[in-house]
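Each chain, written out:
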Amino acid sequence: KVGINVPAYISVGWDELAARQNPQWCVVDPQGCVKPPFLARWKNLCFNTDYLDYVIAQAKETVANYDADGVFFDIIAMWDCCCQKCISDMLKKNLNPEKPEDRKAFARSVIENYYQRMNQAVHSIKPNLPIFHNSGHIYPDFVKYQSHLELESLPTGGWGYDHFPMSAKYCSTLSYEYLGMT
């Protein structure tokens, strides 16, 4: 009645249950260690594994069964991953997993695939539903996958007090609505 929107929240990059039940979905660093390695930290999940199908199914179920005003996907990152699936797929594309620049190029293709598939999945159910993929910052190369922008600025969480004004100024030059989120 008072105009408050309530989007659904889905954590994509971190899902402890999925990581524990499917360790092959975890991001692996170039030295072969799961990232981050500490048991008390959330594990980064690789969007190049079957995990992407798993989280897309969650998103479709949420969008189909709840009357949310949008979807906020969290922890979206271009991981530098050397899991067995990523290594195998890099080699198929004639990329060298030992070269950081090849891993970065591959990671970019993985995140682009994530954006395309996730947006298609959501919009196949509700075509105009707003979507925001939170990466902590607004990345120009991927802004086209957003329906609007949300500026996550946690002054005591590593961003600092200057982050929001600087990000808002940058976003004011784009053709997207944006909001501050703390």
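Owing to the predicted nature of the structure, the values given are computational and were not obtained by experimental measurement.

Engineer: Can you break down helix H2 (residues 51-65) residue by residue, with the values?
Structural biologist: With 15 residues, H2 extends 21 Å between its outermost C-alpha atoms, agreeing within 8% with the 21 Å of an ideal straight helix rising 1.5 Å per residue. For H2, the complete set of buried residues consists of Tyr51, Leu52, Val55, Ile56, Ala59, Thr62 and Val63. Taken around the axis of H2, the buried residues stretch over an arc of 130°, which confines them to a single face. Along H2, exposed side chains directed more than 90 degrees from the buried face belong to Glu61 and Asn65. For H2, the elements touching its buried residues are strand S1 (8-11), helix H1 (16-21), strand S2 (71-74) and helix H4 (100-125).

Engineer: How would you summarise the sheet that holds S1 if you had to cite specific residues and measurements?
Structural biologist: Across the sheet, 3 strands lie side by side as S1-S2-S3; this open sheet has parallel pairing. Single-partner strands in this sheet number two, and they are S1 and strand S3 (131-133). Averaged over neighbouring strand pairs, the angle between their axes works out to 15° when direction is ignored. Relative to S2, S1 runs parallel, the two sharing 4 bridges. Across the sheet, residue Ala8 finds its bridge partner in S2, namely Val71. In the packing of H2 onto the sheet, contacts are made with S1 and S2, and the angle to S1 comes to roughly 170°.

Engineer: Go over the pattern of salt bridges with me, naming the residues and quoting the values.
Structural biologist: Per the stated rule, a full pass over the model turns up 8 salt bridges. The closest approach of N and O atoms between Asp29 and Lys35, which form a salt bridge, is 3.8 Å. Relative accessible area serves as the criterion here: at 11%, Asp29 is assigned to the buried category. Judged by its relative accessible area of 32%, Lys35 falls in the partly exposed class. Between Lys92 and Asp89 there is a salt bridge whose closest N-O contact spans 3.9 Å. Residue Lys92 and its partner Asp89 are located together in helix H3 (residues 84-92), separated by 3 residues, close to a single helical turn. Owing to a relative accessible area of 14%, Asp89 belongs among the buried residues under this scheme. In the salt-bridge network here, residues are joined through shared partners; they are Lys85, Asp89 and Lys92.

What counts, and where the lines are drawn
- Residues numbered from 1 in each chain as written.
- Predicted model: local features only at pLDDT ≥ 70, side-chain atom pairs only at ≥ 80, totals over all residues.
- Heavy atoms only, no water.
- Helix = DSSP H or I, 4+ residues; strand = E, 2+ residues; numbered from the N terminus.
- Expected span 1.5 Å × (residues − 1).
- Buried < 20%, exposed > 50% of the residue type's maximum accessible area, 1.4 Å probe, protein only.
- Arc of directions from axis to C-beta.
- Contact = heavy atoms within 4.5 Å.
- Pairing = 2+ DSSP bridges.
- Axes fitted to C-alpha atoms, helices over the stretch in contact; angles between N-to-C directions.
- Salt bridge = Lys/Arg side-chain N within 4 Å of Asp/Glu carboxyl O.

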